[in-house]
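Spelled out, the chains give:
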Amino acid sequence: MKTALTIAGSDSSGGAGIQADIKTMTVHGVYAMSAITALTAQNTMGVQKVMEVTPEFLSQQLESVFTDIYPDAIKIGMVSSSALIEVIAEKLTFYDAKNIVVDPVMVATSGSKLINDKAIEYLKNKLFAKATLLTPNIPEAEILSGRTIKTSEDMIAAARIMSEEYGTAVLCKGGHALNEANDLFYYNHQYKWFIGERIENSNTHGTGCTLSSAITSYLAQGKDLENAIWLAKNYLSGALRAMLNLGKGSGPLKHTWNLEGGYEE
Ligand SMILES: Nc1ncnc2c1ncn2[C@@H]1O[C@H](COP(=O)(O)OP(=O)(O)O)[C@@H](O)[C@H]1O
Ligand SMILES: Cc1ncc(COP(=O)(O)OP(=O)(O)O)c(N)n1
(Lines give C-alpha, C1' and ligand atoms only; values in the text may rest on other atoms or scores of the structure.)
(Ligands and ions follow the chains in the order given, each with its own letter.)
Protein backbone atom coordinates (compact mmCIF):
# COMPACT_ATOMS: atom_id res chain seq x y z
CA MET A 1 0.00 0.00 0.00
CA LYS A 2 1.30 3.46 -0.86
CA THR A 3 1.73 5.89 2.02
CA ALA A 4 1.31 9.63 2.50
CA LEU A 5 1.96 12.05 5.34
CA THR A 6 0.10 15.28 6.02
CA ILE A 7 1.85 17.94 8.10
CA ALA A 8 -0.95 20.39 8.91
CA GLY A 9 -3.39 21.79 11.45
CA SER A 10 -6.39 19.93 12.86
CA ASP A 11 -9.86 21.32 12.00
CA SER A 12 -12.39 20.34 14.68
CA SER A 13 -15.22 20.63 12.13
CA GLY A 14 -13.59 17.99 9.92
CA GLY A 15 -13.81 19.89 6.62
CA ALA A 16 -10.27 21.23 6.20
CA GLY A 17 -6.78 20.58 7.56
CA ILE A 18 -5.66 17.18 8.80
CA GLN A 19 -9.19 15.74 8.73
CA ALA A 20 -9.81 16.67 5.08
CA ASP A 21 -6.37 15.34 4.17
CA ILE A 22 -6.83 11.98 5.88
CA LYS A 23 -10.29 11.51 4.36
CA THR A 24 -8.99 12.40 0.91
CA MET A 25 -5.94 10.14 1.10
CA THR A 26 -8.04 7.28 2.46
CA VAL A 27 -10.67 7.41 -0.32
CA HIS A 28 -7.77 7.31 -2.79
CA GLY A 29 -6.58 4.03 -1.30
CA VAL A 30 -3.44 5.58 0.19
CA TYR A 31 -2.38 4.92 3.80
CA ALA A 32 -2.58 8.31 5.55
CA MET A 33 -0.36 9.51 8.41
CA SER A 34 -0.26 12.87 10.18
CA ALA A 35 2.04 15.26 12.01
CA ILE A 36 -0.13 17.92 13.62
CA THR A 37 1.19 21.50 13.74
CA ALA A 38 -1.74 23.06 15.61
CA LEU A 39 -5.19 22.35 16.96
CA THR A 40 -7.89 24.70 15.75
CA ALA A 41 -11.30 25.07 17.37
CA GLN A 42 -13.11 25.74 14.13
CA ASN A 43 -16.47 25.30 12.44
CA THR A 44 -18.15 26.25 9.19
CA MET A 45 -18.47 29.86 10.37
CA GLY A 46 -14.89 30.53 11.41
CA VAL A 47 -11.86 29.74 13.52
CA GLN A 48 -12.56 30.35 17.19
CA LYS A 49 -9.17 29.41 18.69
CA VAL A 50 -5.75 28.05 17.71
CA MET A 51 -3.32 26.10 19.89
CA GLU A 52 0.05 25.45 18.29
CA VAL A 53 2.13 22.39 19.19
CA THR A 54 5.71 22.94 20.37
CA PRO A 55 8.56 22.57 17.87
CA GLU A 56 9.87 19.66 19.99
CA PHE A 57 6.57 17.82 19.72
CA LEU A 58 6.29 18.35 15.97
CA SER A 59 9.88 17.16 15.62
CA GLN A 60 9.03 13.99 17.58
CA GLN A 61 5.94 13.28 15.44
CA LEU A 62 8.02 13.56 12.26
CA GLU A 63 10.75 11.34 13.68
CA SER A 64 8.19 8.75 14.81
CA VAL A 65 6.64 8.58 11.33
CA PHE A 66 9.80 8.72 9.20
CA THR A 67 11.66 6.08 11.20
CA ASP A 68 8.82 3.57 10.90
CA ILE A 69 6.50 3.98 7.87
CA TYR A 70 8.32 6.05 5.26
CA PRO A 71 5.87 8.30 3.33
CA ASP A 72 5.81 8.04 -0.46
CA ALA A 73 4.50 11.61 -0.62
CA ILE A 74 3.97 14.51 1.78
CA LYS A 75 1.48 17.35 1.96
CA ILE A 76 2.24 20.42 4.07
CA GLY A 77 -0.65 22.68 5.02
CA MET A 78 -1.14 25.12 7.90
CA VAL A 79 2.16 25.89 9.65
CA SER A 80 1.70 29.06 11.65
CA SER A 81 5.13 29.89 13.05
CA SER A 82 8.76 30.11 11.95
CA ALA A 83 10.00 27.66 14.62
CA LEU A 84 7.70 24.92 13.26
CA ILE A 85 8.78 25.64 9.69
CA GLU A 86 12.43 25.25 10.70
CA VAL A 87 11.71 21.85 12.24
CA ILE A 88 9.88 20.66 9.11
CA ALA A 89 12.63 21.87 6.76
CA GLU A 90 15.29 20.15 8.84
CA LYS A 91 13.43 16.81 8.99
CA LEU A 92 12.56 16.80 5.27
CA THR A 93 16.25 17.19 4.49
CA PHE A 94 17.42 14.68 7.09
CA TYR A 95 15.01 11.97 5.90
CA ASP A 96 15.46 12.84 2.21
CA ALA A 97 11.72 13.31 1.69
CA LYS A 98 10.29 13.20 -1.86
CA ASN A 99 7.04 14.28 -3.57
CA ILE A 100 6.33 17.29 -1.37
CA VAL A 101 3.20 19.38 -1.98
CA VAL A 102 3.20 22.68 -0.06
CA ASP A 103 -0.16 24.42 0.33
CA PRO A 104 0.88 27.80 1.76
CA VAL A 105 -2.21 28.22 3.94
CA MET A 106 -2.50 31.82 5.16
CA VAL A 107 -6.14 32.77 5.65
CA ALA A 108 -9.23 30.54 5.99
CA THR A 109 -12.26 31.32 3.78
CA SER A 110 -13.92 32.69 6.92
CA GLY A 111 -11.21 35.40 7.07
CA SER A 112 -9.21 34.02 10.01
CA LYS A 113 -5.43 34.41 9.73
CA LEU A 114 -3.64 31.06 10.05
CA ILE A 115 0.01 32.20 9.84
CA ASN A 116 2.11 35.08 11.18
CA ASP A 117 4.18 37.44 9.00
CA LYS A 118 7.59 36.15 10.08
CA ALA A 119 6.49 32.61 9.23
CA ILE A 120 5.63 33.67 5.66
CA GLU A 121 9.30 34.69 5.22
CA TYR A 122 10.41 31.31 6.61
CA LEU A 123 8.07 29.48 4.24
CA LYS A 124 9.71 31.32 1.34
CA ASN A 125 13.29 30.90 2.53
CA LYS A 126 13.31 27.44 4.09
CA LEU A 127 10.46 25.35 2.70
CA PHE A 128 9.52 26.32 -0.83
CA ALA A 129 12.77 25.17 -2.43
CA LYS A 130 12.07 21.65 -1.09
CA ALA A 131 8.61 21.51 -2.68
CA THR A 132 7.67 19.49 -5.75
CA LEU A 133 4.61 21.73 -6.06
CA LEU A 134 3.30 24.91 -4.40
CA THR A 135 -0.48 25.40 -4.42
CA PRO A 136 -1.33 29.01 -3.46
CA ASN A 137 -4.82 30.40 -3.96
CA ILE A 138 -5.13 33.88 -5.49
CA PRO A 139 -4.76 35.92 -2.25
CA GLU A 140 -1.76 33.77 -1.23
CA ALA A 141 -0.21 34.14 -4.70
CA GLU A 142 -0.58 37.92 -4.41
CA ILE A 143 1.33 37.93 -1.11
CA LEU A 144 4.02 35.54 -2.33
CA SER A 145 4.62 37.21 -5.70
CA GLY A 146 4.05 40.82 -4.62
CA ARG A 147 1.63 41.25 -7.58
CA THR A 148 -2.04 42.11 -7.61
CA ILE A 149 -4.05 39.45 -9.48
CA LYS A 150 -7.11 40.63 -11.39
CA THR A 151 -6.81 38.81 -14.73
CA SER A 152 -5.60 35.50 -16.18
CA GLU A 153 -2.45 37.30 -17.35
CA ASP A 154 -1.81 38.40 -13.76
CA MET A 155 -2.11 34.77 -12.62
CA ILE A 156 0.48 33.70 -15.18
CA ALA A 157 2.85 36.51 -14.17
CA ALA A 158 2.49 35.76 -10.45
CA ALA A 159 3.03 32.02 -10.98
CA ARG A 160 6.12 32.73 -13.08
CA ILE A 161 7.59 34.94 -10.34
CA MET A 162 7.02 32.22 -7.70
CA SER A 163 8.24 29.34 -9.87
CA GLU A 164 11.42 31.15 -10.86
CA GLU A 165 12.14 32.51 -7.40
CA TYR A 166 11.68 29.17 -5.59
CA GLY A 167 12.72 26.82 -8.43
CA THR A 168 9.59 24.74 -8.12
CA ALA A 169 6.34 23.99 -9.94
CA VAL A 170 3.40 26.21 -8.97
CA LEU A 171 -0.34 25.64 -9.23
CA CYS A 172 -2.11 28.97 -8.73
CA LYS A 173 -5.68 27.98 -7.80
CA GLY A 174 -8.49 30.00 -9.32
CA GLY A 175 -11.33 29.28 -6.89
CA HIS A 176 -11.36 32.91 -5.74
CA ALA A 177 -11.96 34.22 -9.27
CA LEU A 178 -15.60 35.14 -9.79
CA ASN A 179 -16.83 33.13 -12.77
CA GLU A 180 -14.30 30.38 -13.30
CA ALA A 181 -12.50 27.59 -11.52
CA ASN A 182 -9.40 27.50 -13.68
CA ASP A 183 -6.05 26.74 -12.09
CA LEU A 184 -2.76 27.85 -13.62
CA PHE A 185 0.23 25.47 -13.60
CA TYR A 186 3.68 26.95 -14.16
CA TYR A 187 6.94 25.01 -14.40
CA ASN A 188 10.19 25.23 -16.35
CA HIS A 189 9.24 28.56 -17.98
CA GLN A 190 6.00 27.10 -19.35
CA TYR A 191 2.41 27.32 -18.25
CA LYS A 192 -0.72 25.27 -18.71
CA TRP A 193 -4.34 25.91 -17.66
CA PHE A 194 -6.28 23.27 -15.79
CA ILE A 195 -9.78 24.29 -16.78
CA GLY A 196 -12.60 23.56 -14.35
CA GLU A 197 -16.32 24.17 -14.59
CA ARG A 198 -17.45 26.49 -11.79
CA ILE A 199 -19.94 24.66 -9.58
CA GLU A 200 -22.58 26.75 -7.83
CA ASN A 201 -22.07 25.56 -4.29
CA SER A 202 -21.48 27.90 -1.35
CA ASN A 203 -20.12 25.00 0.74
CA THR A 204 -16.44 25.26 -0.15
CA HIS A 205 -14.76 24.82 3.23
CA GLY A 206 -11.55 22.86 2.68
CA THR A 207 -11.35 22.95 -1.13
CA GLY A 208 -7.65 23.86 -1.04
CA CYS A 209 -6.73 21.21 1.53
CA THR A 210 -8.69 18.59 -0.38
CA LEU A 211 -7.09 19.44 -3.73
CA SER A 212 -3.53 19.40 -2.36
CA SER A 213 -4.01 16.13 -0.48
CA ALA A 214 -5.58 14.50 -3.57
CA ILE A 215 -2.53 15.59 -5.61
CA THR A 216 -0.31 14.14 -2.86
CA SER A 217 -2.23 10.85 -2.99
CA TYR A 218 -1.73 10.54 -6.74
CA LEU A 219 1.98 11.39 -6.43
CA ALA A 220 2.28 8.65 -3.77
CA GLN A 221 0.77 6.27 -6.33
CA GLY A 222 3.49 7.20 -8.82
CA LYS A 223 1.49 9.46 -11.16
CA ASP A 224 3.42 12.28 -12.81
CA LEU A 225 2.71 15.79 -11.58
CA GLU A 226 0.39 17.01 -14.35
CA ASN A 227 -1.64 13.81 -14.33
CA ALA A 228 -1.89 14.01 -10.53
CA ILE A 229 -3.27 17.55 -10.81
CA TRP A 230 -5.89 16.56 -13.44
CA LEU A 231 -7.07 13.60 -11.42
CA ALA A 232 -7.16 15.61 -8.19
CA LYS A 233 -9.15 18.42 -9.80
CA ASN A 234 -11.64 15.87 -11.11
CA TYR A 235 -11.99 14.41 -7.60
CA LEU A 236 -12.43 17.90 -6.07
CA SER A 237 -15.13 18.80 -8.61
CA GLY A 238 -17.04 15.62 -7.74
CA ALA A 239 -16.82 16.42 -4.03
CA LEU A 240 -18.33 19.88 -4.69
CA ARG A 241 -20.94 18.52 -7.12
CA ALA A 242 -22.20 16.06 -4.48
CA MET A 243 -23.77 19.10 -2.74
CA LEU A 244 -23.30 18.07 0.88
CA ASN A 245 -24.93 20.75 3.02
CA LEU A 246 -23.80 20.73 6.66
CA GLY A 247 -23.40 23.52 9.20
CA LYS A 248 -24.51 27.13 9.37
CA GLY A 249 -21.71 28.64 7.28
CA SER A 250 -19.54 27.50 4.36
CA GLY A 251 -19.82 23.76 4.85
CA PRO A 252 -17.50 20.87 4.01
CA LEU A 253 -17.22 18.79 0.83
CA LYS A 254 -18.42 15.23 0.40
CA HIS A 255 -15.05 13.49 0.47
CA THR A 256 -16.56 10.03 0.01
CA TRP A 257 -18.41 10.80 -3.25
CA ASN A 258 -16.06 8.67 -5.34
CA LEU A 259 -16.90 5.54 -3.33
CA GLU A 260 -20.60 5.84 -4.08
CA GLY A 261 -20.60 5.21 -7.81
CA GLY A 262 -22.03 8.57 -8.98
CA TYR A 263 -20.98 11.98 -10.23
CA GLU A 264 -18.75 10.76 -13.06
CA GLU A 265 -17.11 13.65 -15.00
N1 LIG B 1 -17.19 26.82 -7.01
C2 LIG B 1 -16.20 26.06 -7.48
N3 LIG B 1 -16.43 25.22 -8.52
C4 LIG B 1 -15.46 24.41 -8.99
N5 LIG B 1 -14.21 24.39 -8.50
C6 LIG B 1 -13.91 25.21 -7.48
C7 LIG B 1 -14.87 26.08 -6.91
N8 LIG B 1 -14.28 26.77 -5.89
C9 LIG B 1 -13.00 26.34 -5.83
N10 LIG B 1 -12.77 25.42 -6.80
C11 LIG B 1 -11.52 24.70 -7.04
O12 LIG B 1 -11.07 24.25 -5.78
C13 LIG B 1 -9.65 24.20 -5.73
C14 LIG B 1 -9.18 25.03 -4.55
O15 LIG B 1 -9.19 26.38 -4.95
P16 LIG B 1 -9.39 27.64 -4.02
O17 LIG B 1 -10.77 27.64 -3.49
O18 LIG B 1 -8.96 28.81 -4.82
O19 LIG B 1 -8.35 27.33 -2.85
P20 LIG B 1 -8.40 27.61 -1.27
O21 LIG B 1 -9.41 26.68 -0.68
O22 LIG B 1 -7.00 27.31 -0.86
O23 LIG B 1 -8.79 29.03 -1.09
C24 LIG B 1 -9.19 24.73 -7.11
O25 LIG B 1 -8.98 23.63 -7.98
C26 LIG B 1 -10.37 25.57 -7.57
O27 LIG B 1 -10.40 25.72 -8.97
C1 LIG C 1 -6.54 23.64 10.11
C2 LIG C 1 -6.85 24.33 8.84
N3 LIG C 1 -5.98 24.24 7.81
C4 LIG C 1 -6.26 24.88 6.64
C5 LIG C 1 -7.40 25.62 6.50
C6 LIG C 1 -7.70 26.32 5.20
O7 LIG C 1 -8.22 25.39 4.37
P8 LIG C 1 -8.63 25.59 2.84
O9 LIG C 1 -8.65 24.30 2.18
O10 LIG C 1 -7.80 26.66 2.24
O11 LIG C 1 -10.11 25.96 2.98
P12 LIG C 1 -10.85 27.19 3.53
O13 LIG C 1 -10.87 27.14 5.02
O14 LIG C 1 -10.13 28.37 2.95
O15 LIG C 1 -12.19 26.94 2.96
C16 LIG C 1 -8.29 25.67 7.58
N17 LIG C 1 -9.45 26.36 7.49
N18 LIG C 1 -7.99 25.02 8.74
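Up top is the structure.
Here the residue index of a chain counts from 1 through its sequence in written order. The order in which chains are written sets their letters, starting at A; the order in which ligands are written sets their numbers, starting at 1. Residues qualify for local features only when their pLDDT is at least 70, as the model is predicted, and side-chain atom pairs are given and counted only at 80 or more; totals for whole chains, interfaces and linings, by contrast, use all residues. To obtain the side-chain values, all non-hydrogen atoms of the structure were used and water was disregarded.

**Let's talk about the site of ligand 2**
Under the convention used in this document: Only a single heavy atom is needed: when it lies within 4 Å of a molecule or strand, its residue is near that molecule or strand. For the purposes of these results, a polar contact is taken to be a pair of N or O atoms within 3.5 Å, where, inside protein, one atom must be able to donate a hydrogen and its partner to accept one; residues adjacent in sequence count only when each atom of the pair is a side-chain atom. Each accessible area value is a Shrake-Rupley result obtained with a 1.4 Å probe; residue values ignore everything except the protein chains displayed when judging cover. The rule is simple: put a 1 Å grid over the protein atoms alone, call a set of points where a 1.4 Å probe fits but cannot get out a cavity, call an open set with protein on both sides within 12 Å along at least five of seven lines a pocket, and count a residue as lining if it has an atom within 4 Å of a point. Assignment of a molecule to a cavity or pocket requires that more than half of its atoms lie within 2 Å of the corresponding grid points. Strands here are runs of E lasting at least two residues and helices are runs of H or I lasting at least four, both read from the DSSP assignment and numbered beginning at the N terminus.
Around ligand 2, the surrounding shell holds 17 residues, and the nearest of these are Gln42, Thr109, Gly206, Gly208 and Cys209. One of the side-chain nitrogen or oxygen atoms of glutamine 42 is found 2.8 Å away from a nitrogen atom of ligand 2. Measuring from an oxygen atom of ligand 2, one finds a backbone N or O atom of glycine 208 at 3.1 Å. Relative to its unbound accessible area of 420 Å², ligand 2 is 96% covered by the protein chains. Judged by the fraction of its atoms near the pocket grid, ligand 2 is located in the largest pocket. Contributing elements (two or more residues each) for the shell around ligand 2: strand 1 (3-11), strand 2 (31-43) and helix 7 (207-220).

**A short note on the pairing of strand 3 (residues 46-52)**
The following threshold applies: Criterion used throughout: strands pair if DSSP finds at least two bridges between them.
Pairing of strand 2 with strand 3 involves 6 bridges; the strand directions are antiparallel. Directly across from asparagine 43, in strand 3, lies its bridge partner glycine 46. If you look at the hairpin formed by strand 2 and strand 3, you'll find 2 residues sitting between the two strands.

**What to know about the packing of helix 5 (residues 138-145) against helix 6 (residues 152-166)**
Rule in force here: A fitted line through C-alpha atoms serves as each axis, taken over the contacting stretch for helices, and the angle formed by two N-to-C directions is quoted from 0 to 180°. For classification purposes, angles smaller than 35 degrees are called roughly parallel, those larger than 145 roughly antiparallel, those between 65 and 115 roughly perpendicular, and all remaining angles oblique. Note on convention: near helix rotated counterclockwise from far helix by under a right angle means a left-handed crossing. Clockwise means right-handed. We call two residues in contact whenever any of their non-hydrogen atoms come within 4.5 Å of each other. Here the term charged refers only to Asp, Glu, Lys and Arg, the term nonpolar to Ala, Val, Leu, Ile, Met, Phe, Trp, Tyr, Cys and Pro, and the term polar to all other amino acids, Gly among them.
In the contact formed by helix 5 and helix 6, the axes pass within 9 Å of each other and the chain directions differ by 55°. By the angle between their directions, the pair helix 5 and helix 6 is classed as oblique. At the point where helix 5 passes helix 6, the crossing takes the left-handed sense. On the side of helix 5, the interface is formed by Ile138, Ala141, Leu144 and Ser145, while helix 6 contributes Met155, Ala158, Ile161, Met162 and Tyr166. Along the lines of polarity and charge, the residues of the contact of helix 5 with helix 6 split into 8 nonpolar, 1 polar and no charged.

**So, the environment of alanine 159**
Stated formally: A 1.4 Å probe rolled over the protein chains alone gives each residue an accessible area, and that area as a share of the maximum for its type sets the label: buried under 20%, exposed over 50%, partly exposed in between.
Note on placement: alanine 159 falls in helix 6. Overall, alanine 159 belongs to the buried group, its relative accessible area being 0%. Expressed as a C-alpha distance, the spacing of alanine 159 and tyrosine 187, which sit 28 residues apart in the sequence, is 8.7 Å. Residues within four places of alanine 159 in sequence aside, it is in contact with Val170, Leu184 and Tyr186.

**Examining the pattern of salt bridges**
Operational definition: For salt bridges, the criterion is a side-chain nitrogen of Lys or Arg within 4 Å of an Asp or Glu carboxyl oxygen.
On inspection of all chains with the given rule, the structure shows 12 salt bridges. Notably, a salt bridge pairs aspartate 21 with lysine 75, separated by 3.1 Å at the nearest N-O pair. Of this pair, aspartate 21 sits in helix 1 (residues 17-27) while lysine 75 is found in strand 4 (residues 73-76), placing the two residues 54 residues apart along the sequence. Looking at aspartate 21, the relative accessible area reads 0%, which means it is buried. For lysine 75, a relative accessible area of 0% translates into the label buried.

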